[in-house]
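Fold and contact review
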Amino acid sequence: MKPDTAAPPELQVVWPRELLDAPPEVAARAFARSLRGFSRRLDPQRAKRFAMEADTPLADAIDETILDAFGGVHPKHRLTDYHTFFVDRIAAGESAIDLGCGIAMVALSIVERSHASVTGVDWSDHNLAIARTLAAERGLANQLTLVKGDICETRVPGSFHAIVLSNVLEHITDRPQRLRQWVAWYAPKRALIRVPAFDRDWRVPLKKELGIDWRCDPTHETEYTLPQIEQEMHDAGLRIREVITRWCEYWVHAEPM
């Protein structure tokens, strides 16, 4: 007899219809009270797990709601101002390759503000279609080259002054080996890297302690501490010139040794 491998049923939490018409702050407080009321009915061990298991899907739901409400372009690009880290480290007339460029928000900022030429590489047709639309709308289509491919497999011809890895490296296995590969392929003067911090919040190590997925994205192979960054850069043959810690992330400027 085969073991029962059926997925558990998807339970539904039903909000009263009146909450749709309530002020957002009233609805939010009602939702928070319901979570707290439910957790108080659990024994301490289950309450710990419930609270930490709820953390990621609630954060994801908030993120998706904000993305939809802002028309598909996340306000984090504007509010965290993380593009400036890349823009300020690429000079006019230089070239950059943005590996895993997504919808090319960082690449477009570099083109527009650094006056550099940028090649963006991404595997997703959907992302690249949005990137082309954004480039056309901003009059930057001629300065941005977009290539479809797996950044670990697809080598773009030519060399570049800078490699850009914005929230990409954490998705990669064998990271030092890949960094060495990209340096060999593209002969950059610098690598500009942005990665999530493991030590961003007390919830992260508590989730790990409880055996709960602690990553802010389930596709992450890792999330970083500063010693881990230092070790991986050393193993990749890169010398760290600068590390900035902001917005629960590490931003790294490194150069080939």
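One can find the structure itself at the top, above this paragraph.
Reading the values: the criteria
- Going along each chain's sequence as written, the residues are numbered from 1 onward.
- Selection of residues for local features in this predicted model requires a pLDDT of at least 70, selection of side-chain atom pairs for listing and counting requires 80 or more, and totals for whole chains, interfaces and linings are taken over all residues.
- Think of the side-chain values as coming from all heavy atoms in the structure, minus any hydrogens and water.
- Runs of H or I in DSSP of at least four residues are treated as helices and runs of E of at least two as strands, each being numbered from the N terminus.
- Whether a residue is buried, partly exposed or exposed follows from its accessible area with a 1.4 Å probe, protein chains only, as a fraction of its type maximum: under 20%, in between, or over 50%, in that order.
- Only heavy atoms matter for contacts: two residues are in contact if any of them lie within 4.5 Å across the pair.
- Shrake-Rupley sampling with a 1.4 Å probe provides the accessible areas, and residues are treated as covered by the protein chains on show and by no other component.
- What makes a patch is a set of residues exposed beyond 30% relative accessible area and free of salt bridges, joined within 9 Å when like-charged and within 5 Å when nonpolar (Val, Leu, Ile, Met, Phe, Trp, Tyr).
- Note on definitions: salt bridges are taken to be side-chain nitrogens of Lys or Arg within 4 Å of carboxyl oxygens of Asp or Glu.
- The sign given to each residue is positive for Lys and Arg and negative for Asp and Glu; His and the chain ends receive no count.
- Throughout, a charge is located at the NZ atom of Lys, the CZ atom of Arg, the CG atom of Asp or the CD atom of Glu.
- Residues adjacent in sequence count toward polar contacts only when both atoms are side-chain atoms; beyond that, a polar contact is any pair of N or O atoms within 3.5 Å, and within protein one must be able to donate a hydrogen and the other to accept it.
- Every angle, taken between N-to-C directions, lies between 0 and 180 degrees, and every axis is a line fitted to C-alpha atoms, over only the stretch in contact when it is a helix.
- In this scheme, roughly parallel covers angles under 35 degrees and roughly antiparallel covers those over 145, while 65 to 115 is roughly perpendicular and the rest are oblique.
- Crossings are sorted by hand: turned counterclockwise from the far helix by less than a right angle, the near helix makes the crossing left-handed, and turned clockwise it makes it right-handed.
- Note on residue categories: nonpolar means Ala, Val, Leu, Ile, Met, Phe, Trp, Tyr, Cys or Pro, charged means Asp, Glu, Lys or Arg, and polar means any other residue, Gly included.
- Every definition here rests on a 1 Å grid over the protein atoms only: cavities are sets of points where a 1.4 Å probe fits but cannot get out, pockets are open sets enclosed by protein on both sides within 12 Å along at least five of seven lines, and lining residues have some atom within 4 Å of a point.
- Grid points are joined across faces, edges and corners, and a volume is the space filled by probe spheres set on the points.
- By this definition, two strands are paired if DSSP reports at least two bridges between them.

Moving on, we get to the overall build of the protein. Along the protein, the regular secondary structure elements total nine helices and seven strands. C-alpha extents for the protein along the principal axes are approximately 60 × 45 × 40 Å. In the protein, buried positions account for 41% of the 257 residues. If you take every contact in the protein between residues at least 6 apart in sequence, the share linking residues at least 24 apart comes to 65%. In the form shown here, the protein has an accessible surface area of approximately 15100 Å², with 55% of it arising from carbon and sulfur atoms.

Let's shift gears to a negative patch on the surface. Residues Asp60, Asp63, Glu64 and Asp68 make up a contiguous surface patch of negative charge. One can find Asp68 in helix H2 (residues 44-69).

A word on the side chain of His74. Looking at where His74 falls in the secondary structure, it is placed in the loop between H2 and helix H3 (76-79). By relative accessible area, His74 is classed as buried at 14%. Separated by 2.8 Å, the side chains of His74 and Asp63 make a polar contact. A polar side-chain atom of His74 sits 3.0 Å from the main-chain amide nitrogen of Lys76. In contact with His74, other than residues within four places in its own chain, are Asp63, Ile66 and Leu67.

This part is about the packing of H2 against helix H8 (residues 203-210). At a minimum axis separation of 10 Å, H2 and H8 run at an interaxial angle of 125 degrees. The orientation of H2 with respect to H8, classified from their angle, is oblique. Of the two elements, H2 crosses H8, and the hand of that crossing is left-handed. In this structure, H2 contributes Gln45, Lys48, Arg49, Met52, Asp55 and Thr56 to the contact, and H8 contributes Arg203, Leu206, Lys207 and Leu210. Residues that form the contact of H2 with H8 fall into these classes: three nonpolar, two polar and five charged.

The next thing to look at is the layout of surface pockets. In this structure, the second largest pocket occupies an estimated 410 Å³ of space. Together, Pro9, Glu10, Leu11, Gln12, Val13, Phe31, Ser34, Leu35, Phe38 and Phe50 line the second largest pocket. Ranked by residues supplied to the lining of the second largest pocket, first place goes to helix H1 (residues 24-40) with four residues. Partitioned by chemical class, the residues of the lining of the second largest pocket number seven nonpolar, two polar and one charged.

This part covers the pattern of salt bridges. Counted according to the given criterion, the structure contains 14 salt bridges. With a shortest N-O distance of 2.8 Å, Asp213 and Arg215 are connected by a salt bridge. Overall, the relative accessible area of 38% leaves Asp213 in the partly exposed class. Overall, Arg215 belongs to the partly exposed group, its relative accessible area being 23%. Three or more residues are tied together by salt bridges with common partners; here these are Asp55, Asp201, Arg203 and Lys207.

Taking strand neighbours across the sheet as the criterion, the seven strands line up as S3-S2-S1-S4-S5-S7-S6 in an open arrangement whose pairing is mixed. Pairing within the sheet leaves two strands with one partner each, and these edge strands are strand S3 (144-148) and strand S6 (238-246). The sheet shows a mean angle of 20 degrees between the axes of neighbouring strands, direction not considered. When strand S4 (residues 162-166) meets strand S5 (residues 190-196), the two strands line up parallel, connected through five bridges. Residue pairing for S5: Ser166 is matched across the bridge by Arg194. Docked against the sheet, helix H6 (residues 125-137) engages strand S2 (117-122) and S3, running at close to 170 degrees with respect to S3. Packed onto the sheet, helix H7 (residues 175-186) meets strand S1 (95-99), S4, S5, S6 and strand S7 (249-256) and runs at close to 145 degrees relative to S4.

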